[in-house]
Amino acid sequence: MKKSTICVQGGYTPGNGEARVLPITQSTTFKYDTSEEMGKLFDLEAEGYFYTRLANPTCDAVAKKICDLEGGVAATLTSSGQAATLYAVTNICEAGDHVVCAAKVYGGTSNLLNVTLKRFGISCTLVDQDLSEEELETYFRPETKAVFGETIANPAGSVLDIEKFARLAHKHGCPLIVDNTFATPINCTPFTFGADIVTHSTTKYMDGHAMAVGGCVVDSGNFDWMAHEDRYPGLTTPDESYHGIVYAEKFGKCGYIQKIVAQLTRDMGACQSPMNAFLTNVGLETLHLRMARHCENAQKVAHYLKNHEKVAWVEYAGLEGDKYYDLARKYLPNGVCGVLSFGPKGGREGAMRFTNALKMIAIVTHVADARTCVLHPASHTHRQLNEQQLVEAGVLPELIRLSVGIEDVEDILADLEQALQAV
Ligand SMILES: *Cc1c(COP(=O)(O)O)cnc(C)c1O
């Protein structure tokens, strides 16, 4: 099926007389007739549900839809995008291991890798994703076990050269993990460019209505763990907590996701709730329509801002002349996303006047939902930094992050225009 059809119909096919709409299985537990049947589930010898922390029919259907959209072989939902990143990395990295990560990734991701996972003994090197292959190569070490980047970085807007990163990762015996949150599988499927694992914060465009926090990890099934047996013992040697099964052997291409569910979700517990999975699925049913509209509106808004006398600069990979325009043409030919950044004239003061004058467009700590919204990092997410530190962090004092929604673009432009007059 084509992506639009998967959005609408994927993941759940009712049997005769069953609910047409994906049911919310709001039950923590599941009943069995015999003790033996339940025992097999605990041995991972049979498939079935026994406890919602490990698996739930509503969550499974939504994971399958996202898996099919990405063209993967297996997927699991998580409680948030952060949990998806945590699982994707710690499923294959342990104390002593190292991760190479693009420096412009989401702030939560770089905190997780550089602060929290560092305390757990996993080290990380943040790299400039625009360096040449030769330069990037120097950051790899024998203990490097994963490479991480974002298709479109939040909030920097940089587009990742996925093929370049996949080549580098594979040359060093590592899988490439790509956070595909901003592009969504509608605009880019990283597996087709060599990425091995994809993560999502479904909280953003997939939900699309700012209702449910959630995440997802999808595996392409392409990384051959057994070919790197000594580097990934978690997948290639017996798991004593499951009677000695070897994930990459027993589950083949699905071993990586099976291990996340059987070990990480079991022990750390960041599972998705069936209710949130249901809400995410309602969002997914219109993802293809909304992404097209987000991109169309953002493209018009970017052009408008670019030509505005009160605007100093605009960054949007869909704009001709943008630093990432060529990469966007290659990886995101159907559209980039709805998020762009720009600087009104007048520095920090100008940006504050602008945001305070907005009427329809709201100031919120969120991006990528149906309603157009803004954030002024210097006054909000990065307000603890002084002017000098802001520049060092790549967040100019006047930077406005604008998440263009799916309203009528004329109304978005009208609100921007009247607010820019205050600058
Ligand atoms: C929001 C976001 C995350 C974190 O997701 P949560 O659902 O908020 O935990 C990770 N990556 C990207 C690119 C994001 O935008």
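1. Focus: the pattern of salt bridges
Then, number 1: Inspection of every chain in the model, using the stated rule, returns 13 salt bridges.
Then, number 2: Between Lys250 and Glu45 there is a salt bridge whose closest N-O contact spans 3.5 Å. Taken together, the residues Lys250 in helix α10 (residues 247–250) and Glu45 in the loop between α2 (35–42) and α3 (57–70) connect sequence positions 205 residues apart.
Then, number 3: Residue classification places Lys250 among the partly exposed residues on the basis of a relative accessible area of 36%.
Then, number 4: Taking the shortest distance from any N to any O, the salt bridge between Asp267 and Arg266 comes out at 2.6 Å.
Then, number 5: Given the relative accessible area of 54%, Asp267 is considered exposed.

2. Digging into the packing of helix α13 (residues 287–306) against helix α17 (residues 409–420)
Then, number 1: The N-to-C vectors of α13 and α17 enclose an angle of 30 degrees; their axes lie 10 Å apart at closest approach. Put simply, α13 runs roughly parallel to α17. Here α13 runs over α17; the crossing is right-handed. Facing α13, whose interface residues are Asn297, Lys300, Val301, Tyr304 and Leu305, α17 presents Val409, Ile412, Leu413, Leu416, Glu417 and Leu420.
Then, number 2: When its residues are assigned to classes, the contact of α13 with α17 shows eight nonpolar, one polar and two charged.

3. Considerations on the domain arrangement of the chain
Then, number 1: The assigned domain composition of the chain is domain 1 (3–282) and domain 2 (288–420).
Then, number 2: Here domain 1 packs against domain 2, burying approximately 2,500 Å² in sum over the two surfaces, 60% of which is carbon and sulfur.
Then, number 3: Our count for the contact surface shared by domain 1 and domain 2 stands at two salt bridges.
Then, number 4: Notably, a salt bridge pairs Lys330 with Glu163, separated by 2.6 Å at the nearest N-O pair.
Then, number 5: In this structure, the connection of domain 1 to domain 2 is made through 16 residue pairs in polar contact (both at pLDDT 80 or more).
Then, number 6: When contributions to the side of domain 1 that touches domain 2 are tallied by element, the ones reaching two or more residues are α1 (3–9), α7 (162–171) and α8 (184–187).
Then, number 7: In terms of residue class, the side of domain 1 that touches domain 2 is made up of 16 nonpolar, eleven polar and seven charged.

4. A word on the side chain of Glu70
Then, number 1: Positionally, Glu70 belongs in helix α3.
Then, number 2: For the buried residue Glu70, which engages in no salt bridge, the nearest side chain bearing the opposite charge is Lys3, 7.2 Å off.
Then, number 3: Of note is the side chain of Glu70, whose polar atom sits 2.8 Å from the side chain of Asn180.
Then, number 4: Among the polar contacts made by the side chain of Glu70, one reaches the side chain of His200 at a distance of 2.7 Å.
Then, number 5: Among residues more than four places away in sequence, those in contact with Glu70 are Asn180, Pro185, Cys188, Thr189, Pro190, Phe191, Val198, His200 and Val218.

5. Considering the side chain of Asp179
Then, number 1: Of note, Asp179 is situated in strand β5 (residues 176–179).
Then, number 2: Buried and without a salt bridge, Asp179 has Lys204 as its closest oppositely charged side chain, separated by 7.4 Å.
Then, number 3: Here Asp179 is in contact with Phe148, Gly149, Glu150, Thr151 and Thr199, once residues within four sequence places are set aside.

6. Looking at the sheet that holds β5
Then, number 1: Pairing is mixed in the open sheet, where seven strands are placed in the order β1-β7-β6-β5-β4-β2-β3. Both outer strands of the open sheet, β1 (74–78) and β3 (123–127), are each paired with one neighbouring strand and no more. Averaged over all neighbouring strand pairs, the angle between strand axes comes to 20 degrees, with direction disregarded.
Then, number 2: The pairing of strand β6 (residues 197–201) with strand β7 (residues 215–219) spans five bridges and is antiparallel. Considered in β7, the bridge of Ser201 is made with Gly215.

7. Some words on the site of the ligand
Then, number 1: In the vicinity of the ligand, 14 residues are found, and the nearest of them are Asn154, Asp179, Ser201, Thr203 and Lys204.
Then, number 2: Take Gly81: an N or O atom from its main chain is 2.9 Å from an oxygen atom of the ligand.
Then, number 3: Contact between the ligand and Asn154: an oxygen atom at 2.8 Å from a side-chain N or O atom of the residue.
Then, number 4: Out of a free accessible area of 380 Å², the ligand has 92% covered by protein chains.

Conventions we followed
- Residues numbered from 1 in each chain as written.
- Predicted model: local features only at pLDDT ≥ 70, side-chain atom pairs only at ≥ 80, totals over all residues.
- Heavy atoms only, no water.
- Salt bridge = Lys/Arg side-chain N within 4 Å of Asp/Glu carboxyl O.
- Helix = DSSP H or I, 4+ residues; strand = E, 2+ residues; numbered from the N terminus.
- Buried < 20%, exposed > 50% of the residue type's maximum accessible area, 1.4 Å probe, protein only.
- Axes fitted to C-alpha atoms, helices over the stretch in contact; angles between N-to-C directions.
- Parallel < 35°, antiparallel > 145°, perpendicular 65-115°, else oblique.
- Left-handed = near helix turned anticlockwise from the far one by under 90°.
- Contact = heavy atoms within 4.5 Å.
- Nonpolar A, V, L, I, M, F, W, Y, C, P; charged D, E, K, R; others polar.
- Domains from an automatic or database assignment.
- Buried area = accessible area lost by both parts, 1.4 Å probe.
- Polar contact = N/O pair within 3.5 Å; in protein donor to acceptor, adjacent residues only side chain to side chain.
- Lys, Arg positive; Asp, Glu negative; His and termini not counted.
- Pairing = 2+ DSSP bridges.
- Near = heavy atom within 4 Å.
- Areas by Shrake-Rupley, 256 points an atom, 1.4 Å probe, with all protein chains shown as cover.

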